[in-house]
Amino acid sequence: MYKFLCSSAVALFIIAATTTCSVQKNSATSPMVVSTSEVARVENALASDEMRGRKTGSPEIDKAADFIAGEFKKAGLQPLAGDSYLQEFVMLRPRLGELKYTAGGIDIDRKNIIVITGQASLNVDEKSGYTVATISAGENLFSKAQSFAAAKKNTIVLVDTSMSKNFARLTGLKRQIFRSPFSTIFILGSTLPNGFKITTTHSFEEIRFKNVAGILPGRSRKGEQVIFSGHYDHLGVGKPEAGDSIYNGANDDAAGITAVILLADHFKKLGNNERTLVFVAFTAEEIGGFGSQYFSQQMNPATITAMFNIEMIGTESKWGKNSAFITGFEKTNMGEILQANLKGTAFQFYPDPYTKENLFYRSDNATLARLGVPAHTISTSKMDSEPNYHKASDEVKTLDLDNMAQIIKAIAESSRTIVSGRDTPSRVKAESLQ
Ligand SMILES: [Zn+2]
């Protein structure tokens with residue numbers, strides 16, 4: 001989860017004892033078998049010191065991408081598109097040259113304007129036909145600003161002066177941008193000065209990114225997609241802590257990627273998914289969620305039935321073993337469907353208890369959720385007391401691999417009626433979003 005602005009004994013588990021009864025009721029599924037040794041194998045590969053914390057843009061992030069692609073191939077997935085599991089894309093890192101902001105020919109303080117554009121030179125005035133929008137007092141500055149910057153139109157956004165303290169932090173939105181013909185201009189103030197004129201020049205550096213994605217085509221409902229995802233990037237090498245400077249990200253989010261890989265293997269073996277299953281490892285989550293943003297832009301949200309984004313499931317939740325929480329539980333009925341499918345088992349899903357943390361908007365489910373998709377994050381992370389969160393100490397030895405195996409099985413079991421087409425979660429209503 002991005003901050004806004006974030007190993008053990010081998011045992012084989014068969015949940016026959018618990019699920020056999022539910023399997024009799026529903027012959028479409030067979031008990032998922034997850035060996036803790038398999039969980040350990042994938043975790044130890046992704047969170048090893050050799051991966052040097054999988055920082056976006058580092059050579060090791062490509063190594064991690066190749067490892068995940070190899071696992072998708074081994075599991076028997078088909079590439080999402082073309083013949084590669086790698087979904088490559090380019091972003092631009094703008095470098096501001098000239099910025100002139102005048103009204104009636106008089107210079108206005110440049111601290112009150114932030115221009116996000118992919119254009120090398122830009123000239124904007126009253127006749128340029130920009131939409132004028134506002135971010136009013138009390139609204140969530142960053143999530144509103146992010147949605148304006150992602151909107152496919154030229155916009156001038158007037159930001160209420162009550163937000164002057166945080167205004168400059170909007171420059172974070174132009175650290176890297178997607179190639180786009182549209183520009184967004186943020187102006188601190190409630191009105192546009194008469195006769196305003198804005199002139200900028202920028203140069204751009206290209207940065208390459210890769211998501212890793214594979215699919216299991218469906219049968220009777222193959223036009224409907226169910227996504228299982230996590231992010232494979234982390235913080236890389238940073239400030240040494242107790243002599244250790246590699247931020248291995250065993251929980252954040254090698255744990256989610258381990259789940260995605262083992263679920264892919266499970267559903268391939270099951271071979272009876274009516275809906276198409278998409279397995280994706282996002283890049284660049286820690287630096288702004290660019291992997292999931294790009295992925296989402298390539299998809300038609302109407303064809304996506306549900307998204308299970310899996311984030312930090314390596315430690316016990318606040319309720320102990322055999323439990324996890326779902327962010328944005330109240331936004332759709334997907335959580336209730338998952339709970340119903342686990343009735344009679346030892347596992348319990350709960351609504352996200354850390355509502356003040358805004359977790360629903362802080363992970364890779366957010367982009368698709370804003371487009372109405374029932375896209376939720378599943379996690380066990382104790383947001384108020386996760387000692388290794390974004391620390392060099394986030395290593396495999398701090399994880400509960402047996403419990404992780406339980407959580408992965410529960411995700412498979414709870415998703416069964418969505419995968420089979422029997423249940424269709426309700427959509428996220430725009431008015432329920434902040
Ligand atoms: Zn994370």
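Above: the structure in question.
Let us look at the structure shown here.

What counts, and where the lines are drawn
- Residues numbered from 1 in each chain as written.
- Predicted model: local features only at pLDDT ≥ 70, side-chain atom pairs only at ≥ 80, totals over all residues.
- Heavy atoms only, no water.
- Core = buried A, V, L, I, M, F, W, Y, C linked by side-chain atoms within 4.5 Å.
- Buried < 20%, exposed > 50% of the residue type's maximum accessible area, 1.4 Å probe, protein only.
- Helix = DSSP H or I, 4+ residues; strand = E, 2+ residues; numbered from the N terminus.
- Contact = heavy atoms within 4.5 Å.
- Axes fitted to C-alpha atoms, helices over the stretch in contact; angles between N-to-C directions.
- Parallel < 35°, antiparallel > 145°, perpendicular 65-115°, else oblique.
- Nonpolar A, V, L, I, M, F, W, Y, C, P; charged D, E, K, R; others polar.

**A closer look at the nonpolar core**
Within the largest apolar cluster, 64 residues are counted, with the highest numbers of intra-cluster contacts made by Ile68, Phe228, Leu263, Phe267, Phe279 and Phe308. Ranked by the residues each element gives to this core, the list is headed by helix H6 (residues 254-270), at 11 residues. Those residues in contact with Phe228 that sit more than four places away from it in its chain are Val260, Leu263, Phe267, Leu277, Val278, Phe279, Val280, Phe308, Ile411, Ser415 and Val419.

**A short note on the packing of helix H2 (residues 36-46) against helix H10 (residues 401-414)**
At their nearest, the axes of H2 and H10 sit 9 Å apart, and the two run at 105° to each other. Between H2 and H10, the crossing angle belongs to the class labelled roughly perpendicular. Across the interface between the two elements, Thr36, Val39, Ala40 and Glu43 from H2 touch Leu401, Asp402, Met404, Ala405 and Ile408 from H10. Considered class by class, the residues forming the contact of H2 with H10 number six nonpolar, one polar and two charged.

**Notes on unusual backbone geometry**
Omega for the peptide link from Asp252 to Asp253 comes to 0°, which places this bond in the cis form. Tracing the chain through its elements places Asp253 in the loop between strand E15 (244-247) and H6. Even without being glycine, Asn322 reaches a positive phi, approximately 55°. Of note, Asn322 is situated in the loop between strand E17 (304-310) and strand E18 (323-326). Although it is not a glycine, Asn358 adopts a positive phi angle of roughly 60°. Tracing the backbone through its elements, the reader meets Asn358 in the loop between strand E19 (348-351) and helix H9 (366-370).

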